[in-house]
Amino acid sequence: EEDVDDDEDDMESDSEGEEESDGEPDEEEIKERRRRNKSTTKGVKRGRGARQTSAAPRKPAAKKVKTVSGEAITAERKKAVPKVRAARKPKSTTNGNVTAVPSMVNNLYDAVFAGNTDDHDEAATGWIKKYQENSVDGMKEMINFILKCCGCDNEVTNYDIEDQESASTTLAEIQDAFSTQQTADYPLTSKSPAFRKFRQNLSGFVNSLVAAVVSEDLITHDRELLENMLVWISAMSSSTLRQFRHTATVFALDMVSHFSASSRDLRKLAGNANRQKDAEEKKASPNEGRIADLVKSVEERQEKYEAIEVLLKDIFDTVFVHRYRDIDPKIRIDCVQELSNWITILPEKFFDGQYIRYLGWVLSDTVAATRLEVVKSLTKLFRHKDQVAGLRTFTERFKARLVEMGTSDVDTSVRAATIELLDIMREVGFLGSEEVETIGRLLFDPEQKVRRAVAPFFVENINDLYETQLEEIGGKEAVEEVLGGGEDAEEYEGPTLAWIKLKCLVKVLASYDQADATNDDGPSQSLLAETTSGLVMKVDEIASRLWFAGAVLWDELEEVRDWEGMARYLLYDHSASRTEGEDDSEDLEKQVKKAVALDTKEDVILLQMLHASVTGCIWKEPPTDKKNSQPVSHIFEIEKFQELVSRSLTPLIPQLLRKFGPVPDAASSVLRLVKLMKLTVFQDLRLGNAYSTLLDDINRQFLTHADEVVLRQASQALGHAKTFLDLREVTESKLTQLKEETISNLVAIVGSKDAATFKFSDSSLTGLINTVRRLEYLSGISDCTETLETPPTASKNSKTKAKAPALIPINVLLSLLERGTSKDELEEELTLRLLRSLDYYFMWKIVSLNKSLDFRQPPDDAEIDALQDTKQQVIRQITTILTSRSSIDAVKLSAASTLLDLTTLFVAAKDQRLVSVSSSLDSQTQSQLMAVFDHLEKSFGKAIGQKMEPDEHAAPEDDDDEDEEETGEETKVMAEQKLCEFTSKIILAVLGKLVEQKTWRKRLGRNQARLGPNYKEVVNHLDRASVGRPGMRRGAQQKPTAQLGYQKKDAKSAEKVIDSEDEQENGEGEEVDDQGDAETGVEEEAEVEK
């Protein structure tokens, strides 16, 4: 183990100097030999290394050759007297430039790669014959073949082959010469079509070569062949050049794979022969000749596979041990792949802890592809059930690392593959309950690939709990007998086996939620906890985590796909079962009812599963064409299936609202189902009263709940209803009633009090906040300007009998906005809601005025003047709010955003009376906007760990935040969203010439390269919009052709810019998406008007 963990530098030099000769001649001896050779040599043969050979060859003495395994053997070699070799240098031209090395001619290479790819056996057999005729020439051709496979045309000579002890030195010279003309590309990694099947052909040749060596008995009768070959291969596998190292490693690894297969076959044949011998010996009259032949056969095969065992160990120790942690990840991946193959091919040798541990060590590799490969290899091993017992020790040692990879690896593919491996480990009982729970929580992971991978794991865990639950009740057969088969009847509404499994599902999900809420150090991340502090960006965690979990479970769990059965389960009355005492435990039927009883938290979770199930049934299960048995993708067929689902939901939604309406979390889940329905089914089924009742139920939820999620889902449901034109009359009527009642409640709370100065109680302030919040959501889906400008009439359902004062609602909102300087928490929330509501009011107002001009019905001057006065009053109050707050909080940010919206809206109005009076913002207001921008920029820079370029006139900042904890991903996203939204509003103000051009352009671009691609793209819009052609950057030859202004000829350009504003405001986060921004409302309104 300590040897394996050596440093990389030690690995790379393992083979350096191993084969150095002990009797190297000194310089004087070399000079003397040169003089002697000149006088005796008649001809000189020069290779690429400029070596000299003596004219009179002498019989070489017997010499001990050092093998890689450390054993010494005596061999007769034809060897000339050692001569000095000149260093290999590339040829140079007269100007010193290196010339290209001529391409090496190698018949073996041509036979393997240039000819028929099926002729590997013929090539290997031909080389064996050549080697047997002349071992030096044969070995030279093989080594040059490997060099050419490396992409190297430098070759070795006969002298190099004869002098095996200098192999490392020779390769160093070749490496130096090759490095002067090397390229990064080489056959193994080349994408050239010529090398497309290079690896396949190389492996095929090695297979044929191994088979020929074994069949010719060279493995035992000529061990020098493989030993000498391995000397060169091991030297190349330790080269500093990746081409040599990678190719030699692949060659050696393939040799091990094919020799392992030969060893396996030899073992099998030896075993068969041995059994035949035993059977022959037991005969009454055994055939001694046959027995002798069988004994000889067994001995020969045993000798062969023992020789292979030695060779395998040599290659493993000299190549694999060093290359499995090579600096090149491709080499490491090859090592992992081949080790897995060896374990599968020859488990008798390699299915052992001393080899499997290498897979465990590679689990901590720095490259994701390597980790992924080792996980795949381990998965194949664990799938062999007969070998699992031998992996227990490995599992105990590396289980923690595997769980860590499954939960937190940076690569999603690695995580998904690891989860699949952990699922197999769970099946064989190698995971404890804690590990199972840890992996099961990944069902809520943000990555879809991870969720899909963990779904089978999670489902099998649910199935185990389901079986356990049935056993605790009395067994599956006993439960089925109690149910009496009634669960198959259409009208049966009692408990079923599916309910027991669904109960196990929601129970596990609830436990995961509780654990997350308990273990989280920051704000509560409970599935049922939804904070309202982040008013700029809402994170509907219930909809995201549970809905996505249900979406992946829809594919894996049949009970989740049966949404109608799930709805019956939710509507079943469990109150009697929850109140039963323990004395009824002997009654099996009551035990079953008690086992399926749901509490409030489980109701909410199951409602989310119902929402996911209905969604899955609509979009994942369209009708199929029976002839082709393929899904029909035509949109008409999908809509038809959606209509079928809606028909089934029609009677269920009112029942679910009646049962779960009082609980905010449950009510919001039911309201989500309304958005999935095709509401025209009410008209098709002649259920007009039922549709009106459904809208009344939604309005009731909207008016009785103060929960943010319920208001959002109710407003979205009403907005969804507006899209069905055939139901327009009923929908608009219900919306008008809802707006009037909301406005009446607002005026009733204020009454005759001075809204700007009166000190409301906390309960009254809370009522005002809830009412203005409802108005905000209503303004997001419908035009409320007329209702806000008309004094409300007394409602029939009004709780007060006193005559309501004739207050105009918009004036009430303006008076309440004067309280915006207060630092009270409730007052601040009220101010935030007022700003958003007033923002919507002006958006709808401008849209209404523009529409009047389109129909050639311009408003009178009094209406224009009143709107201008209202605008100026709001701007004055917003300016007061900005100057009264020194710190940048949510109120100041919202006030600055609303101010920018108002100014740009009026500049883009079609009525020139509104445009002509628009003026730029004063320097003091711009300073306040700059302070807000600086704060948002700094906050996002801090979240992503980027230091901003300081202003040249700004004071130096203290670096006191270096030791703070790492910022969460959610915080980064919210900070970036706020910055990009505010920047987009500033850009519109710049384009409208409402702020100082040069200052803001320079300020916006100061840190553009540091704040990520989203911010950069937002700022780039400044250049694209300046030329009046969205989507194009400003070029040297382009001139501005349109600007924001009040000229009539620029009306189209102004419309383009305001469209861009609407696009930027779509980044308002989930809050705007949920409420429906002004642009969406306008489009829907226009469609309704048509």
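Scroll up a little and you will see the structure.
An account of the accompanying structure is given in this report. (Residues numbered from 1 in each chain as written. Predicted model: local features only at pLDDT ≥ 70, side-chain atom pairs only at ≥ 80, totals over all residues. Heavy atoms only, no water.)

## Quick word on the overall build of the protein chain
- Regarding its fold elements, the protein chain presents 49 helices and four strands.
- Evaluated residue by residue, the protein chain yields a buried proportion of 50% over its 1090 residues.
- Expressed as a percentage of contacts within the protein chain between residues at least 6 apart in sequence, the contacts between residues at least 24 apart total 74%.
- Summed over its atoms, the accessible surface of the protein chain is roughly 52800 Å², and 47% of this surface lies on carbon and sulfur atoms. (Helix = DSSP H or I, 4+ residues; strand = E, 2+ residues; numbered from the N terminus. Buried < 20%, exposed > 50% of the residue type's maximum accessible area, 1.4 Å probe, protein only. Contact = heavy atoms within 4.5 Å. Areas by Shrake-Rupley, 256 points an atom, 1.4 Å probe, with all protein chains shown as cover.)

## Things to note about the packing of aromatic side chains
- Per the stated rule, a full pass over the model turns up 30 aromatic pairs.
- With centroids separated by 5.5 Å and ring planes inclined at 15°, the aromatic side chains of phenylalanine 178 and phenylalanine 244 adopt a geometry described as stacked. Separated by 66 residues along the polypeptide, phenylalanine 178 in helix H7 (residues 167-179) and phenylalanine 244 in helix H11 (residues 242-281) bring together distant segments of the chain. We note that phenylalanine 178, like phenylalanine 244, is buried. (Phe/Tyr/Trp six-rings, centres within 6.5 Å; stacked < 30°, edge-to-face > 60°.)

## Some words on unusual backbone geometry
- The phi dihedral of aspartate 217 falls on the positive side, at around 60°, and the residue is not glycine.
- Here aspartate 217 lies in the loop between helix H8 (198-215) and helix H9 (218-221).
- One non-glycine residue, lysine 993, adopts positive backbone phi at about 60°.

## Observations concerning the nonpolar core
- If you look at the biggest cluster of nonpolar residues, it comprises 279 residues, and the most contacted ones within it are Phe145 and Phe251.
- If we skip the residues at most four places from it in the chain, phenylalanine 145 touches Asn106, Leu108, Tyr109, Val112, Phe113, Leu202, Phe205 and Phe251. (Core = buried A, V, L, I, M, F, W, Y, C linked by side-chain atoms within 4.5 Å.)

## As for helix H36 (residues 762-779)
- Here H36 is 18 residues long and its end C-alpha atoms lie 25 Å apart, about the 26 Å a rise of 1.5 Å per residue gives.
- The element H36 is extensively covered by neighbouring structure, given that 14 of its 18 residues are classed as buried. (Expected span 1.5 Å × (residues − 1).)

## Examining the packing of helix H16 (residues 368-383) against helix H17 (residues 392-408)
- Remark: H16 packs on H17, axes separated minimally by 13 Å, with the N-to-C direction vectors making an angle of 130°. Classified by the angle between their axes, H16 and H17 sit oblique to one another. Taken as a pair, H16 and H17 cross one another with a handedness that is left-handed. Each of Arg371, Val375, Leu378 and Phe382 in H16 lies in contact with H17, whose residues at this interface are Phe394, Thr395, Arg401 and Met405.
- In terms of residue class, the contact of H16 with H17 is made up of five nonpolar, one polar and two charged. (Axes fitted to C-alpha atoms, helices over the stretch in contact; angles between N-to-C directions. Parallel < 35°, antiparallel > 145°, perpendicular 65-115°, else oblique. Left-handed = near helix turned anticlockwise from the far one by under 90°. Nonpolar A, V, L, I, M, F, W, Y, C, P; charged D, E, K, R; others polar.)

## Considering the side chain of lysine 501
- Its location among the elements puts lysine 501 in helix H22 (residues 497-519).
- Only 3.1 Å separates the side chain of lysine 501 from the side chain of asparagine 463, close enough to count as a polar contact.
- Sequence-distant contacts of lysine 501, defined by excluding residues within four places in its chain, comprise Ile462, Asn463, Tyr466, Leu557 and Glu559. (Polar contact = N/O pair within 3.5 Å; in protein donor to acceptor, adjacent residues only side chain to side chain.)

## A word on a negative patch on the surface
- Taken together, Glu299, Glu300, Glu303 and Glu306 make up a surface patch of like negative charges.
- By the element assignment, glutamate 306 lies in helix H12 (residues 288-323).
- Glutamate 306 sits in the partly exposed class, given a relative accessible area of 43%. (Patch = residues over 30% accessible without salt bridge, like charges linked within 9 Å, V, L, I, M, F, W, Y side chains within 5 Å. Salt bridge = Lys/Arg side-chain N within 4 Å of Asp/Glu carboxyl O. Lys, Arg positive; Asp, Glu negative; His and termini not counted. Charge placed at Lys NZ, Arg CZ, Asp CG, Glu CD.)

## Quick notes on the packing of helix H34 (residues 708-722) against H36
- The geometry of H34 relative to H36 is characterised by a closest axis approach of 9 Å and an angle of 30° between their N-to-C directions. The angle between the axes of H34 and H36 places the two elements in the roughly parallel class. The two elements H34 and H36 meet at a crossing, and its hand is right-handed. Residues Glu708, Leu711, Arg712 and Ser715 of H34 touch H36, and the partners they reach there are Arg773, Arg774 and Tyr777.

## Brief notes about H17
- The terminal C-alpha atoms of H17 lie 24 Å apart, and with 17 residues this matches the ideal 24 Å at 1.5 Å per residue to within 8%.
- Its axis deflected by about 55° at phenylalanine 398, H17 carries its strongest bend there.
- Tucked into the core, H17 has its buried residues touching helix H15 (353-362), H16, helix H18 (412-427) and helix H19 (433-440). (Bend = angle between axes of the 7 residues up to and from the residue.)

## Description of the pattern of salt bridges
- With the rule as written, the count across this model stands at 47 salt bridges.
- Here lysine 349 makes a salt bridge to glutamate 309, at a shortest N to O gap of 3.5 Å. Of this pair, lysine 349 sits in helix H14 (residues 347-350) while glutamate 309 sits in helix H12, and the two are 40 residues apart along the sequence. Side by side, lysine 349 and glutamate 309 carry an identical accessibility label, which is buried.
- Notably, a salt bridge pairs aspartate 317 with lysine 313, separated by 2.8 Å at the nearest N-O pair. Separated by four residues within a single helix, aspartate 317 and lysine 313 lie in helix H12, roughly one turn from each other.

## Quick look at the environment of tyrosine 841
- Here tyrosine 841 lies in helix H39 (residues 825-854).
- For tyrosine 841, a relative accessible area of 5% gives the class buried.
- In this structure, the C-alpha to C-alpha distance between tyrosine 841 and isoleucine 810, residues 31 residues apart in sequence, is 8.9 Å.
- If near-sequence neighbours (up to four positions away) are discounted, tyrosine 841 is found in contact with Thr785, Leu788, Glu789, Ile810 and Thr870.
- Only 2.7 Å separates the side chain of tyrosine 841 from the side chain of glutamate 789, close enough to count as a polar contact.

## Remarks on the environment of leucine 209
- Examined against the element boundaries, leucine 209 turns out to sit in helix H8.
- Sequence separation between leucine 209 and isoleucine 128 is 81 residues, and the spatial gap between their C-alpha atoms is 8.2 Å.
- Each residue touching leucine 209, except ones within four places of it in the same chain, is listed here: Ala124, Trp127, Ile128, Met142, Met229 and Phe251.

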